[in-house]
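Structural features, examined
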Amino acid sequence: DAGVIQSPRHEVTEMGQEVTLRCKPISGHNSLFWYRQTMMRGLELLIYFNNNVPIDDSGMPEDRFSAKMPNASFSTLKIQPSEPRDSAVYFCASSLWTNLGEQYFGPGTRLTVT
Amino acid sequence: AQTVTQSQPEMSVQEAETVTLSCTYDTSESDYYLFWYKQPPSRQMILVIRQEAYKQQNATENRFSVNFQKAAKSFSLKISDSQLGDAAMYFCAYRSAKGANSKLTFGKGITLSVRP
């Protein structure tokens, strides 16, 4: 299995621009998670989906952030407009929600907003 | 709400020695799962070991083992024969076994350095 795939791996953009991060979960997994990691705040859960349905988006910081999962093999996290404080590493993870449900993480997208 | 606490921000160990990383958690549930994740400088999050709360036996994966104390709500990670490649940030995480809640609660992490 290829594991969780994220793109792009690095993104540099200017303040005010729209940013779209992409994720392909492990085939067969039915839960998908978006995290943000910064030095100051550590690892934060932004939103997660079960069977493509958003379950908990309480971690989404503002209305500028939105996430979609149109099908079981693809999800996006969009920031519009982006701000310098959005600079972070964004991880996508997937799991099976049954049994142990351990999460497998993608390599992350390092976002820099100037 | 569940919380996970890793009170030591940093630790250091001599190569080939043993080190224990601490983790405590707070929950009112009786059935749950616990995990340790490793994040090396490459920033890839790697699952190290997992423990089901209903199992009394401590989980072991090669040089990695846990000391799970359910009554004390403690879940420490022991790394034996430490290697340079073990240098990383380590996160403890909790997951409820109730229903379809698949959310993980992470601690703030501990940075482990390995001295050659």
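Residues numbered from 1 in each chain as written. Chains lettered and ligands numbered in written order. Predicted model: local features only at pLDDT ≥ 70, side-chain atom pairs only at ≥ 80, totals over all residues. Heavy atoms only, no water.

Regarding its fold elements, chain B presents zero helices and 12 strands. Ordered by position from the N terminus, the helices and strands of chain B form the series β-β-β-β-β-β-β-β-β-β-β-β. In terms of principal-axis extent, the alpha carbons of chain B reach across some 45 × 25 × 20 Å. Considering chain B as a whole, with its 116 residues, one finds that 47% of them fall into the buried category. Pairs at least 24 apart in sequence give 56% of the contacts found in chain B among residues at least 6 apart. Just so you have it, chain B exposes about 5,700 Å², and 47% of that area is on carbon and sulfur atoms. Within chain B, one finds 13 positive and 10 negative side-chain charges whose respective centroids are separated by 6 Å. (Helix = DSSP H or I, 4+ residues; strand = E, 2+ residues; numbered from the N terminus. Buried < 20%, exposed > 50% of the residue type's maximum accessible area, 1.4 Å probe, protein only. Contact = heavy atoms within 4.5 Å. Areas by Shrake-Rupley, 256 points an atom, 1.4 Å probe, with all protein chains shown as cover. Lys, Arg positive; Asp, Glu negative; His and termini not counted. Charge placed at Lys NZ, Arg CZ, Asp CG, Glu CD.)

With 25 residues of chain A at the interface, the matching set in chain B holds 18 residues. On inspection of chain A and its partner chain B, the count reaches two salt bridges. Ionic pairing is found between Arg-50 of chain B and Glu-102 of chain A, a salt bridge with its closest N-O pair at 3.0 Å. Connecting chain A to chain B are eight residue pairs in polar contact (both at pLDDT 80 or more). Breaking the side of chain A that touches chain B down by element, the ones donating at least two residues are β4 (31–38), β5 (42–50), β9 (88–95) and β11 (109–113) of chain A. (Salt bridge = Lys/Arg side-chain N within 4 Å of Asp/Glu carboxyl O. Polar contact = N/O pair within 3.5 Å; in protein donor to acceptor, adjacent residues only side chain to side chain.)

We now examine the pairing of strand β10 (residues 88–96) of chain B. Looking along a regular strand, one sees side chains alternate from face to face of the sheet. Residues and elements named next belong to chain B. The buried fraction of β10 is high, at eight of nine residues. Examined bridge by bridge, strand β5 (residues 32–39) and β10 share eight bridges and lie antiparallel to one another. What sits directly across from Phe-35, in β10, is Ala-93. The pairing of β10 with strand β12 (residues 110–115) spans three bridges and is antiparallel. In the strand pairing of β12, Met-89 is matched with Thr-111. The pairing of β10 with strand β11 (residues 104–106) spans three bridges and is classified as antiparallel. Each bridged residue has a counterpart across the sheet, and for Ala-93 the counterpart in β11 is Phe-106. (Pairing = 2+ DSSP bridges.)

Residue and element names in this part refer to chain B. For the structure shown, the criterion picks out 15 aromatic pairs over all chains. Relative to Phe-75, the ring of Trp-36 lies with its centre 6.3 Å away and its plane at 25 degrees, an arrangement referred to as stacked. Separated by 39 residues along the polypeptide, Trp-36 in strand β5 and Phe-75 in strand β9 (residues 74–79) bring together distant segments of the chain. Judged by relative accessible area, which is 0%, Trp-36 ranks as buried. Among the residues examined, Phe-75 registers a relative accessible area of 0% and is labelled buried. (Phe/Tyr/Trp six-rings, centres within 6.5 Å; stacked < 30°, edge-to-face > 60°.)

What follows covers the state of the cysteines. The final tally for this structure, using the stated rule, is two disulfides over all chains. With a sulfur-sulfur separation of 1.9 Å, Cys-23 of chain A is cross-linked through a disulfide to Cys-92 of chain A. What sets the handedness of the Cys-23 of chain A and Cys-92 of chain A disulfide is the S-S torsion sign, and at about -65 degrees it is left-handed. Linking Cys-23 of chain A in strand β3 (residues 19–24) with Cys-92 of chain A in strand β9, this pair joins segments that are 69 residues apart in sequence. The buried category is assigned to Cys-23 of chain A, whose relative accessible area is 1%. Using a relative accessible area of 0% as the deciding quantity, one classes Cys-92 of chain A as buried. What pairs with Cys-23 of chain B in a disulfide is Cys-92 of chain B, and their sulfur atoms sit 2.0 Å apart. (Disulfide = S-S within 2.5 Å.)

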